[in-house]
Amino acid sequence: MLFWVTTLAWLAGCAGGPPIDRSHHAAGQDSRVRFIVLHYTSENNENSLRILTRDRVSAHYLITDEPVRIYSLVDENRRAWHAGQSQWFGYRDLNATSIGIELVNPGPLDGTRTRWAPYSKAQIGALSALLRDVQSRHHVNAWNIVAHSDIAPLRKTDPGPAFPWRELARQGLGRWYDENAVTQRIPQVTAVELGSPAYIQSLLARIGYPIAQSGVWDAQTRQVISAFQMHYRPANYTGQTDSETVAIAQDLARHFPASTP
Ligand SMILES: [Zn+2]
């Protein structure tokens, strides 16, 4: 009984009681934001803004094209609904822990997904400045600046192979591999490494990708390899493994300890 009386009194106190003293700040705190997820809208400026403000999908930022404009649609402290079912380095459902940035871009220009709309210089310039700002305020690691297709490879292809990951990484935004090391590594990739689905599956899991360790060449493995290629080797993203794909994954994996089964 006393418990309820005390609780009620406390609740009453919150409603109309003493003011909250905000003059002290705890040293032990950090940002809830761990990831930045990039998307294309597959819509024009007008439709993108309408869908992202009125429907049940949203993003923290929308960057339009011609003219380039940055819209803030959701406060960074709140969740935007952009990632859906997703996973990266074992973290699931990234809406809770990410900032979502949508870029106006039509995506694939044909049904076979061989031709993709380029991103304009001005739009990428705006994105670069925004990324730098968000990344530095929330201390987001380079490997946690990701494509929607990285964290949901079985469902998504955005921002697609036309997105300039390499160019942004050269500006210190996002993860990239050591290109000289990969050139040297390519001829050393062994037939066993190339032929083993378990090997590429474990490599891709080590560098963040959600991939089932099935040990066989199944559809999900091809889709995750394709998502990886769109990001790191966009000239060819068929989802078939090859020496360059393995060498890039090996180089990136050097920075992450082998996962224990
Ligand atoms: Zn998306």
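Residues numbered from 1 in each chain as written. Predicted model: local features only at pLDDT ≥ 70, side-chain atom pairs only at ≥ 80, totals over all residues. Heavy atoms only, no water.

An unreviewed UniProt entry lists the protein chain under the name N-acetylmuramoyl-L-alanine amidase, with Advenella kashmirensis W13003 as the source organism. Regarding the protein chain, the UniProt comment filed under Sequence similarities (unreviewed entry) reads as follows: "Belongs to the N-acetylmuramoyl-L-alanine amidase 2 family." UniProt, in its Catalytic activity (unreviewed entry) section for the protein chain, records the words "Hydrolyzes the link between N-acetylmuramoyl residues and L-amino acid residues in certain cell-wall glycopeptides." (UniProt positions renumbered as here; feature names shortened; annotations may be inferred.)

**Student:** Any chance you could break down the overall build of the protein chain for me, citing the residues and the numbers?
**Tutor:** What the protein chain contains, in helices and strands, is ten helices and seven strands. In terms of overall dimensions, the protein chain has a C-alpha envelope of 75 × 50 × 30 Å along the principal axes. Burial statistics for the protein chain: of 261 residues in total, 43% are counted as buried. Nonlocal contacts in the protein chain, meaning residues at least 24 apart in sequence, comprise 62% of its contacts between residues at least 6 apart. Accessible surface computed for the protein chain: about 14,400 Å², of which carbon and sulfur atoms make up 54%. Of the side-chain charges in the protein chain, 25 are positive and 23 negative, and the distance between the mean point of each set is 3 Å. (Helix = DSSP H or I, 4+ residues; strand = E, 2+ residues; numbered from the N terminus. Buried < 20%, exposed > 50% of the residue type's maximum accessible area, 1.4 Å probe, protein only. Contact = heavy atoms within 4.5 Å. Areas by Shrake-Rupley, 256 points an atom, 1.4 Å probe, with all protein chains shown as cover. Lys, Arg positive; Asp, Glu negative; His and termini not counted. Charge placed at Lys NZ, Arg CZ, Asp CG, Glu CD.)

**Student:** I'd love a proper account of the UniProt feature "domain: N-acetylmuramoyl-L-alanine amidase" (unreviewed entry) in the protein chain, names of residues and values included.
**Tutor:** UniProt records the feature "domain: N-acetylmuramoyl-L-alanine amidase" (unreviewed entry) at residues 21-160, using the numbering of this structure. Between the C-alpha atoms that bound residues 21-160 the distance is 49 Å, and the span itself is 23% helix and 18% strand.

**Student:** Describe the coordination of the zinc ion, with residues and values.
**Tutor:** His39 (ND1), His148 (ND1) and Asp158 (OD) make up the full set of protein donors to the zinc ion, lying at 2.1 Å. Binding-site remark: the zinc ion is held by donors from one chain whose sequence spacing is H-x108-H-x9-D. Within this pair, whereas His39 is found in strand β1 (residues 35-40), its partner Asp158 is found in the loop between α4 (148-151) and α5 (165-170), the two being separated by 119 residues in sequence. The pair His39 / Asp158 is uniform in exposure class, with both members buried. (Donors = N, O, S within 2.8 Å, 3.2 Å for Na, K, Ca; no water.)

**Student:** Go over the pattern of salt bridges with me, naming the residues and quoting the values.
**Tutor:** All told, the structure shown has seven salt bridges when counted by the stated rule. Residues Arg166 and Glu179 are paired through a salt bridge, measuring 2.7 Å at the closest nitrogen-oxygen approach. A residue pair is termed long-range when its members are at least 10 positions apart, and Arg166 in helix α5 and Glu179 in helix α6 (residues 179-185) qualify at 13 residues. Since its relative accessible area comes to 37%, Arg166 is described here as partly exposed. Its relative accessible area of 26% is what places Glu179 among the partly exposed residues. Of the charged contacts in the structure, one is a salt bridge between Glu179 and Arg170, with a shortest N-O distance of 4.0 Å. Classification of Arg170 by relative accessible area gives exposed; the value is 62%. (Salt bridge = Lys/Arg side-chain N within 4 Å of Asp/Glu carboxyl O.)

**Student:** Tell me about the packing of aromatic side chains, residues and numbers included.
**Tutor:** Inspection of every chain in the model, using the stated rule, returns 13 aromatic pairs. Measuring from ring centre to ring centre gives 4.9 Å for Trp176 and Tyr177, while their planes differ by 25°; the resulting arrangement is stacked. An aromatic cluster is present here, built from Trp88, Phe89, Trp143, Trp176, Tyr177, Tyr209, Phe228, Tyr232 and Phe256 joined pairwise through their rings. (Phe/Tyr/Trp six-rings, centres within 6.5 Å; stacked < 30°, edge-to-face > 60°.)

**Student:** Explain the sheet that holds strand β7 (residues 145-147) to me, using residue names and the numbers behind them.
**Tutor:** The strand order across the open sheet formed by five strands is β3-β2-β6-β1-β7, and the pairing between neighbours is mixed. Each of the sheet's edge strands pairs with one partner strand only, and the pair in question is β3 (70-72) and β7. Adjacent strand axes in the sheet meet at a mean angle of 25° when their direction is disregarded. As paired elements, β1 and β7 share three bridges and run parallel to each other. (Pairing = 2+ DSSP bridges. Axes fitted to C-alpha atoms, helices over the stretch in contact; angles between N-to-C directions.)

**Student:** Describe the environment of Asn45, and please don't skip the residues or the numbers.
**Tutor:** With respect to the element layout, Asn45 can be found in helix α2 (residues 45-54). Separated by 17 residues in sequence, Asn45 and Leu62 have C-alpha atoms that sit 9.3 Å apart. Among all residues touching Asn45, those that are not within four sequence positions of it are Thr64, Asp65, Glu66, Pro67 and Val104.

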